[in-house]
Amino acid sequence: MALQAPRAGPAGILARAVKLYVDRGGTAPSPRRVRMYLAEKGITVPHEPLELHRENRTREFRRRNPIGILPVLELDAGSCISESLAICRYFEELHPELAGWHASMAARPSAKA
Ligand SMILES: N[C@@H](CCC(=O)N[C@@H](CS)C(=O)NCC(=O)O)C(=O)O
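Rules used in this analysis
- Residues numbered from 1 in each chain as written.
- Predicted model: local features only at pLDDT ≥ 70, side-chain atom pairs only at ≥ 80, totals over all residues.
- Core = buried A, V, L, I, M, F, W, Y, C linked by C-beta atoms within 7 Å.
- Buried ≥ 20, exposed ≤ 12 C-beta atoms within 10 Å, placed from the backbone.
- Helix = DSSP H or I, 4+ residues; strand = E, 2+ residues; numbered from the N terminus.
- Contact = placed C-beta atoms within 7 Å.
- Near = placed C-beta within 6 Å.
- Nonpolar A, V, L, I, M, F, W, Y, C, P; charged D, E, K, R; others polar.
- Pairing = 2+ DSSP bridges.
- Right-handed = clockwise from strand over helix to strand, strands pointing away.
- Axes fitted to C-alpha atoms, helices over the stretch in contact; angles between N-to-C directions.

Colleague: So what exactly am I meant to see when it comes to the nonpolar core here?
Modeller: In summary, soluble globular proteins display a tendency toward joint burial of nonpolar side chains. The biggest cluster of nonpolar side chains holds 19 residues, and the ones touching the most others in it are Tyr21, Val34, Leu70, Leu73, Ile87, Tyr90 and Phe91. Breaking this core down by element, the ones donating at least two residues are β1 (17-23), α1 (29-41), β3 (72-75) and α3 (84-94). By residue number, the principal contributor to this core is α3, which donates 5 residues. Non-local contacts of Tyr21, meaning those with residues more than four positions away in its chain, are made with Glu48, Leu50, Arg64, Leu70, Pro71 and Val72.

Take a look at the structure:
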């Protein structure tokens, strides 16, 4: 599923996810957590793969995340969200209707840990 028109997101902010910065190899655990979450929800976001330990440490990338780690979600409003759980929660609030964390009450606590 491609992301639809923006709606009121977390904190009532209208913003659309435009790009998810991940590691090029796809093996880093935190970016993988977000990719797995999005796959389970059926949400598609354009990915920008970066070479881990190099491209994520550039001055340009640190404008998106001052501590220079992945994943980072860039929004069309120009702001960025770092921290894999915060990114998952952003999508969860935008798309609670899609199966994911809400699919199983029993699984929910471990998914959010
Ligand atoms: N708590 C953060 C951890 C992020 C993190 O440690 N990212 C690693 C990859 S798993 C990273 O970008 N390392 C790059 C570096 O150290 O240069 C999250 O969940 O997003």
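Colleague: Please clarify how the site of the ligand should be interpreted in this entry.
Modeller: Near the ligand the following residues occur: Ala28, Pro29, Ser30, Leu52, His53, Asn56, Arg57, Ile69, Leu70, Pro71, Glu83 and Ser84. In the shell around the ligand, the residues fall into 6 nonpolar, 4 polar and 2 charged.

Colleague: Explain the pairing of strand β2 (residues 47-50) here, please?
Modeller: On a regular strand, each side chain points to the face opposite its neighbour's, so the side chains alternate between the two faces of the sheet. Bridge count between β1 and β2: 4 bridges; the pairing is parallel. Along β2, the bridge assignment pairs Tyr21 with Glu48. Following the backbone out of β1, through α1 and into the adjacent parallel β2, one traces a crossover that is right-handed.

Colleague: Sorry if this is basic, but what is going on with unusual backbone geometry here?
Modeller: One can expect most non-glycine residues to show negative phi and most peptide bonds to be in trans. In the segment running from Leu70 into Pro71, the intervening peptide bond is cis, with an omega of 5°. Structurally, the position occupied by Pro71 is in the loop between α2 (59-62) and β3. Located in the positive-phi region is His53, a residue other than glycine, with phi close to 70°. By the element assignment, His53 lies in the loop between β2 and α2. Residue Glu83 is not a glycine yet carries a positive backbone phi of 75°. Looking at Glu83, the number of C-beta atoms within 10 Å reads 15, which means it is partly exposed.

Colleague: Looking at this model, I keep getting lost on the sheet that holds β2. Mind explaining?
Modeller: By way of backbone hydrogen bonds, the strands of a sheet pair with one another, either parallel or antiparallel. Strand order in the open sheet formed by 4 strands is β2-β1-β3-β4, and the pairing between neighbours is mixed. Looking at strand neighbours, the two that pair on one side only are β2 and β4 (80-82), the edges of this open sheet. When strand polarity is set aside, the average angle formed by the axes of neighbouring strands in this sheet is 20°.

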